[in-house]
Amino acid sequence: MLTTREISKSNLIIIFQLILLILTSILWAVNGSGTTEEFFIKDLKVILKPNTSNEIISAQLYWRGGALNLTKTNQGIEQFIFSSATLKNRKYADKSWDKILQGTGSRLGSAAEKNFTVISLQCTRQYFDQMWEVFSDYVMNSGFYDERTEIARERTLTRIRRQKDTPDVYVRKLAEEQFYRDHPYELEPLGVQESISKINMKQMESYLKKNLKKSKLLLVVVGNVDKEKLKKKVAKTFGKISKGKYKPVFPAVVVHKSPSLKIVERDLPTNYILGLFSAPSPENPDYYPMTIAIDFLKWRLFEEIRTKRSLSYAPDAFLATNFANYGGVYATSVEPDTTIKIMLEELKKLRREPVIEKDLRDRISMNLTRYYLSNESNSAQGQFLARFELSGLGWQQGEKMVENLRSVTAADVQRVANQYFKNIQFIILGNPKLIDENLITLL
């Protein structure tokens, strides 16, 4: 007879499989509206994924390089440029941005990551012509003036200072600093207080002039867009940007030869534990078995730390998507020593024992469900294509995600666990008296 827990797990798996079937049908219908293709418009690479199933259009302009473009003194400059920029087109410059966006239900923004900076537009098909003018003006004719720049500076500095106020955000920042020390990715795309305080308008104008080149850009459009009309729009706007001679460069893999533990003392109700280890990036074939290995780890940490022992509310394991990548384990606990011992034991267990075949099929099904759910929107589909294209593999490889996950074997999971689950760089935010620093040598 099945226990209550077994019945619950069995039902959960059946529900996930049903959802997977439904989502597969939905996604097939969505993707069936057109074939993704790439083309160049005056040397600018464009990826177009037609989608006639809804009226939303997503356009994303990626600026390659990310943290590799930055220096210690200008880190944060790409994000700061688009936080400070204002429109020059006289049709829109005198109007409030909020009025333009709210009046059309559109979104226009930017984000800087370790891998790239992206300027994105999302609007309905009805307003695409108007919003394309705003989007292209925002990118190509960015102007700066004192008042707006200083407002953006103060907002950015406030955001940087507030990182320390939220333990989850702060421990992640500390962990990345520890993991990426002496690596190009140690530079912060958001910037740090010292750099953002000193970057001026002349520097931003000079940086844009030097770095905004077609060879460094990638445009991804998803939605119900006429290809020929899009080509004309791109030619009239981004086509005017000079080509440049940029050649894609990628960061080296992060290698740590030994584990480490850094404890940052803080008087908190609990202790925040985060450990990062080198992991394959999406262009590495090991990324797929590692995705499943991490999913097993996440499942087992939840069972052992929360369900059986109530040591933490939300223990977790995760895999990032950086080009110099990491995986990680996380928990908050008033008993950090016990929690870390369980984390290390579960990591060792995945290295020592092959996973059961039935569990493997179930975890793959759940991952596929999450994959379909995370790609429901046009903007998410654009981001997914861009990550594979910018990684150097090509966007076509992203469309093999389902096939690659389904081909993962138990031997693959055990192999990547042995290869990557080691030399963890731990950060603990909390009470140092509760932590045995020798624990990290147990793995």
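Residues numbered from 1 in each chain as written. Predicted model: local features only at pLDDT ≥ 70, side-chain atom pairs only at ≥ 80, totals over all residues. Heavy atoms only, no water.

Glancing now at the packing of helix 11 (residues 287-307) against helix 17 (residues 410-420). Interhelical geometry of helix 11 versus helix 17 gives an angle of 85 degrees and a closest axis separation of 8 Å. Regarding the angle of helix 11 to helix 17, the classification is roughly perpendicular. For the pair formed by helix 11 and helix 17, the contact residues are Pro 289, Met 290, Ile 292 and Ala 293 on the first element and Asp 412, Val 413, Arg 415, Val 416 and Tyr 420 on the second. (Axes fitted to C-alpha atoms, helices over the stretch in contact; angles between N-to-C directions. Helix = DSSP H or I, 4+ residues; strand = E, 2+ residues; numbered from the N terminus. Parallel < 35°, antiparallel > 145°, perpendicular 65-115°, else oblique. Contact = heavy atoms within 4.5 Å.)

Hydrogen bonds along the backbone pair up the strands of a sheet, which may run parallel or antiparallel. As summarised here, the arrangement of the 6 strands in space is 1-2-6-3-5-4, forming an open sheet in which the pairing is mixed. In this open sheet, the two strands that pair with only one neighbour each are strand 1 (37-41) and strand 4 (107-112). Strand-to-strand twist across the sheet, computed as the mean angle between neighbouring axes with direction ignored, equals 20 degrees. Two elements, strand 1 and strand 2 (residues 44-50), share 5 bridges in a ladder whose sense is antiparallel. Pairing of Glu 37 across the sheet is with Leu 48, part of strand 2. Here helix 10 (residues 227-236) sits on the sheet in contact with strand 1, strand 2 and strand 6 (217-223), set at roughly 35 degrees to strand 1. (Pairing = 2+ DSSP bridges.)

Moving on, we come to the sheet that holds strand 9 (residues 316-319). Read across the open sheet, the 5 strands follow the order 7-11-8-10-9; overall the sheet is mixed. The open sheet is flanked by strand 7 (260-265) and strand 9, the only strands paired with a single partner. If you compare each strand with its neighbour and ignore which way they point, the axes differ by 15 degrees on average. This element, helix 11, spans strand 8 (271-278), strand 9 and strand 10 (326-333) of the sheet and lies at about 170 degrees to strand 9. Sheet contacts for helix 12 (residues 336-352): strand 8, strand 10 and strand 11 (425-430); angle to strand 10, the most-contacted strand, approximately 145 degrees.

Okay, helix 14 (residues 378-390) next. Relative to the 18 Å expected for 13 residues at 1.5 Å per residue, helix 14 spans 18 Å between its end C-alpha atoms, a close match to the ideal helical length. Taking burial as the measure, the 13 residues of helix 14 include 11 buried ones, the bulk of the element. Two residues or fewer after helix 14 comes Gly 392, characterised by a positive phi angle close to 100 degrees. (Expected span 1.5 Å × (residues − 1). Buried < 20%, exposed > 50% of the residue type's maximum accessible area, 1.4 Å probe, protein only.)

Take the pairing of strand 8 next. Across the 8 residues that make up strand 8, a large majority, 8, are buried. Side-chain alternation along strand 8 places Asn 271, Ile 273, Gly 275 and Phe 277 on one buried face and Tyr 272, Leu 274, Leu 276 and Ser 278 on a second face that is also buried. In terms of strand pairing, strand 8 meets strand 10 through 8 bridges, oriented antiparallel. Pairing of Leu 274 across the sheet is with Tyr 330, part of strand 10. Where strand 8 lies against strand 11, 5 bridges are found, and the strand directions are antiparallel. Across the sheet, the residue bridging to Ile 273 is Ile 428, located in strand 11.

A word on the environment of Ser 136. Examined against the element boundaries, Ser 136 turns out to sit in helix 5 (residues 128-140). What makes Ser 136 buried here is its relative accessible area of 6%. Note: C-alpha distance between Ser 136 and Val 234 (98 residues apart in sequence) is 8.8 Å. Leaving out residues up to four positions away in the same chain, Ser 136 has contacts with Asn 141, Thr 237 and Phe 238. Reaching out from Ser 136, the side chain makes a polar contact with the backbone oxygen of Glu 133 at a distance of 3.2 Å. (Polar contact = N/O pair within 3.5 Å; in protein donor to acceptor, adjacent residues only side chain to side chain.)

Moving on: the side chain of Thr 104. Looking at where Thr 104 falls in the secondary structure, it is placed in helix 4 (residues 97-104). Looking at Thr 104, its side chain comes within polar contact range of the side chain of Ser 106, at 2.7 Å. Leave out the neighbours within four places in its chain, and Thr 104 touches Thr 124, Tyr 127, Gln 130 and Met 131.

Right, let's talk about the pattern of salt bridges for a bit. As enumerated under the stated definition, the model contains 19 salt bridges in all. In this structure, Glu 113 engages Arg 387 in a salt bridge whose closest nitrogen and oxygen atoms are separated by 3.1 Å. With Glu 113 in the loop between strand 4 and strand 5 (116-124) and Arg 387 in helix 14, this pair connects stretches of sequence that are 274 residues apart. For Glu 304, the salt bridge is made with Arg 309, and the minimal N-O distance between the two is 2.9 Å. Overall, the relative accessible area of 14% leaves Glu 304 in the buried class. One continuous salt-bridge network, built from bridges that share partners, spans Glu 345, Lys 348, Arg 352 and Glu 353. (Salt bridge = Lys/Arg side-chain N within 4 Å of Asp/Glu carboxyl O.)

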